[in-house]
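Residue-level structural notes
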2 protein chains.
Amino acid sequence: MKRIFLYALVLTSSLSVCAQSSSQYEGTIKSLYDLELTQGQSYSMLEYLATRIGARLSGSPGAAAAVEWSRHTMEDFVDSVWLQPVMVPHWVRGQQEIARVINSKKQGTLELSVCALGGAVGTGPSGVTAGIVEVKNFEELRQLGTRVQGKIVFFNRAFDATRINTFSAYMGAVDQRAAGPSEAAKYGAVGAIVRSMGSGIEAYPHTGGLRYAPNIPKIPAVAISTKDAELLSRLLKEEKDLQLYLETHCVTLDDAPSFNVIGEIKGSTHPDEIIVVSGHLDSWDLGQGAHDDGAGCVQAIEVLRLFKVLGYKPKRTIRAVMYMNEENGLRGGTEYAKQAEKAQALKGGKKQKHIAAMESDRGGFTPRGFTMSAPENVKAKIRSWKPWLEPYGLTDFDQEGGGADIGPLANLNVPLIGYLPDSQRYFSYHHTVEDTFDKVNKRELELGAAAMAALTYLIDQMGLE
Amino acid sequence: MKRIFLYALVLTSSLSVCAQSSSQYEGTIKSLYDLELTQGQSYSMLEYLATRIGARLSGSPGAAAAVEWSRHTMEDFVDSVWLQPVMVPHWVRGQQEIARVINSKKQGTLELSVCALGGAVGTGPSGVTAGIVEVKNFEELRQLGTRVQGKIVFFNRAFDATRINTFSAYMGAVDQRAAGPSEAAKYGAVGAIVRSMGSGIEAYPHTGGLRYAPNIPKIPAVAISTKDAELLSRLLKEEKDLQLYLETHCVTLDDAPSFNVIGEIKGSTHPDEIIVVSGHLDSWDLGQGAHDDGAGCVQAIEVLRLFKVLGYKPKRTIRAVMYMNEENGLRGGTEYAKQAEKAQALKGGKKQKHIAAMESDRGGFTPRGFTMSAPENVKAKIRSWKPWLEPYGLTDFDQEGGGADIGPLANLNVPLIGYLPDSQRYFSYHHTVEDTFDKVNKRELELGAAAMAALTYLIDQMGLE
């Protein structure tokens, strides 16, 4: 009887603690949202980053300004900020590209809307003139073989519109941009035109990185707007002998010094357990890098600011990391993981352990949930928190994934988490002149910042073990 | 033994039927989505309606053109189209409104961005000049009482930004617009300025309907942009004796003849059971009525078109209804319900029964789910279909609600369903010059049309009993 009574007492008391915690978590999460939605600064920070600094490709003056801006911005509400040096690729677009169909009987001289792919070699001022061969995939290219010799290969496989998640459509097409130029060069092509990685039919091209394969000639490569890809394809059906004049002026300079920017609030009880919230500071040179990834940067910074303003003292150390060079090298993410490994391996001193890394790099759109790349027990623990997050539109915790920059931390077995906003509009802006501040909705951006703060808070409170 | 065997046989066979149906439902829903996302016409229909016809307030030439357009558009793929006559209010804005602070020492002459509220009386060419009294709610107004006599009352309660669903914030503020003018007139006010029903701080005002109370003087009433509401409020704190010159030219003409437009595919096995999919054809006179509610109209029409193109022959009769006059009278929805009641009560002939009515009137944004106003067993049945709908981002089936135009069908106990897109951007555009076609994302619009088609299909297959 006594034991039963004792058991009942323990049970009651633990239930009561549990109810208390649950109500505390719910309350703090609501406070974070209320604060962000009424006095949030993510939108005004993004306005500065996107419209005052603007494009910030690795090695550019814009990137240097963004480093300085984020260091300065975080100083007001973190315990410390520091710069983590990293050498980055330094590619420069140079003057406006030209892609001109010069011998169409139907269209006369036809200017196509193109932009060089990041990392591509240029044609130089004398340009390249050649016939055009359209293919939809590498298998078609292989079958053509050396028949593309001396030609410009036109990769024209569109996004699969039936994939509900546009990132899935992107993954199904991006091989053309990343590997297409070298695949074409294998068979003697002298240039590559790649259909832009866009969801719709648009007048402007999407840039993005390519990867030249080793020991294969590097050929000039451009993205063409989806609208002009459709036009060119139609024209090629009628006039197979079209000649294209391509002129690009991009060059790769020596690697340049740059930095990851790291701001930190020290944990009160587990200072050596680190939770990373992050975005990447660099952007492509077109547009303003508003959604990609200005949004992620200001959301990550905002997590720390919200904690500070709310007076929340985290148990663990919370770091906002602004990675450099996601777009064309991932040098920042790689360097960060290298340094994290060193800190984890320290003998005799304080060993640091990253217990979670979160990145926002899918744009500042309305929330859907979080992706995870983590052991099943960690995923299950995070999913058990859904009742606190679903009222804020965070319902999808089922997709695999983290983020490009935090990817290298997987080698240290760090659970990776990606903020998952709605994907429908992302590939209308991604890597284009249209990725500008006016395309970001204030509330959508803020809901993302608050979502990241809420999840960071729960991880801080309960860990992920 | 025999009985057990028989039971097992029945079970196996019913499971097999069930599995077959499930796979059939899944397959048809995927076909509807694939068709819409690759060959959908909702976006091009909306382009025409929004950019060629544009604004279409009840009684306007635009509304008449929209009636003709939807009749003509549906003719190609329905069994029949007809116009249902309805008399509608005919309010006309007239020339551009003026709201001018004329005696500010701080600002000099200050033009405020305003627009008359729908249904308001005008000041006429001589305008109204009066002092301004700011209030946040009707209780403050009541306490001021006759101290507002001869003044213009400025209702300035903002949306509650902490409400995650912006429709909830709208509901918490819209009493100022709907009832504010008459509340102010009760105490002798000579005009009303209402803070725009917008989520953010914007330079343009949001119009919308007011309701004058009976036996109270009708006073002129305008909406002021949220930006200028903030400015005016700040100024009033420093200069309490500000004088405002208000000039509006709106008038209410005689009721005008108009129509609901109804397109129908006859049911093959239950022709007298009707499922309505709908939107409202009228819009405010500012902007193009793209999200409100051009989107809903083309989505409803698209449901019928998708069925036709896919070769799906519904068991029940599917009707696309374009209601007239949602914005300032609800005459179309009221008339439709009246006729539906007559058809249901017919003795001796064919009785028609509406088994469900669905409306899309929350904009053409990315899908979240469906609201329902229906008996619990009906809600439970629809929720049991979630596994087929969740892969398309439709996860929220928990909110109460239908739609304004289908509301009157509640008297006939018709289950009401509202298409529920994401709400974050809606109140940036609602009832403003910014509600234009370029604010609509093609995929988001299409996903809404496909969602409505999918749910209509499931209701058609399985009923709601």
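Residues numbered from 1 in each chain as written. Chains lettered and ligands numbered in written order. Predicted model: local features only at pLDDT ≥ 70, side-chain atom pairs only at ≥ 80, totals over all residues. Heavy atoms only, no water.

1. What to know about the UniProt feature "domain: PA" (unreviewed entry) in chain A
- Here the UniProt-annotated "domain: PA" (unreviewed entry) positions come out as residues 141-232 of chain A.
- Counted over residues 141-232 of chain A, helix gives 32% and strand 14%. Its end C-alpha atoms are 18 Å apart. (UniProt positions renumbered as here; feature names shortened; annotations may be inferred. Helix = DSSP H or I, 4+ residues; strand = E, 2+ residues; numbered from the N terminus.)

2. Comments concerning the interface of chain B and chain A
- Between chain B and chain A, the contact holds 26 residues from the first and 26 residues from the second.
- Carbon and sulfur atoms make up 52% of the area that chain B and chain A hide from each other, which totals about 2,100 Å².
- The interface formed by chain B and chain A includes 2 salt bridges.
- A salt bridge links Glu-444 of chain B to Arg-425 of chain A; the shortest N-O distance between them is 3.2 Å.
- For the pair chain B and chain A, the number of links is 16 residue pairs in polar contact (both at pLDDT 80 or more). (Contact = heavy atoms within 4.5 Å. Buried area = accessible area lost by both parts, 1.4 Å probe. Salt bridge = Lys/Arg side-chain N within 4 Å of Asp/Glu carboxyl O. Polar contact = N/O pair within 3.5 Å; in protein donor to acceptor, adjacent residues only side chain to side chain.)

3. A closer look at the domain arrangement of chain A
Residue and element names in this part refer to chain A.
- When its domains are assigned, chain A resolves into domain 1 (30-91 + 254-462) and domain 2 (95-249).
- A C-alpha centroid distance of 33 Å is found between domain 1 and domain 2.
- Taken over both partners, the interface formed by domain 1 and domain 2 buries close to 1,500 Å², and the fraction arising from carbon and sulfur atoms is 61%.
- The largest contributions to the domain 1 side of the interface with domain 2 come from Trp-91, Phe-427 and His-431, which together make up 40% of the buried area.
- At the surface where domain 1 touches domain 2, the tally comes to 8 residue pairs in polar contact (both at pLDDT 80 or more).
- A per-element tally of the side of domain 1 that touches domain 2 places helix H12 (residues 426-429) first, with 3 residues.
- Taken together, the residues of the side of domain 1 that touches domain 2 sort by class into 6 nonpolar, 7 polar and 3 charged. (Domains from an automatic or database assignment. Nonpolar A, V, L, I, M, F, W, Y, C, P; charged D, E, K, R; others polar.)

4. Details of the packing of helix H2 (residues 42-53) of chain B against helix H8 (residues 290-310) of chain B
Residue and element names in this part refer to chain B.
- One can describe the packing of H2 onto H8 by two numbers: an axis separation of 9 Å at closest approach and a directional angle of 135°. In terms of orientation, H2 and H8 fall into the oblique class. Judged by the sense of rotation from one axis to the other, the crossing of H2 with H8 is right-handed. Each of Ser-42, Met-45, Leu-46, Leu-49 and Ala-50 in H2 lies in contact with H8, whose residues at this interface are Ala-290, Gly-294, Ala-295, Cys-297, Val-298, Ile-301 and Glu-302. (Axes fitted to C-alpha atoms, helices over the stretch in contact; angles between N-to-C directions. Parallel < 35°, antiparallel > 145°, perpendicular 65-115°, else oblique. Left-handed = near helix turned anticlockwise from the far one by under 90°.)

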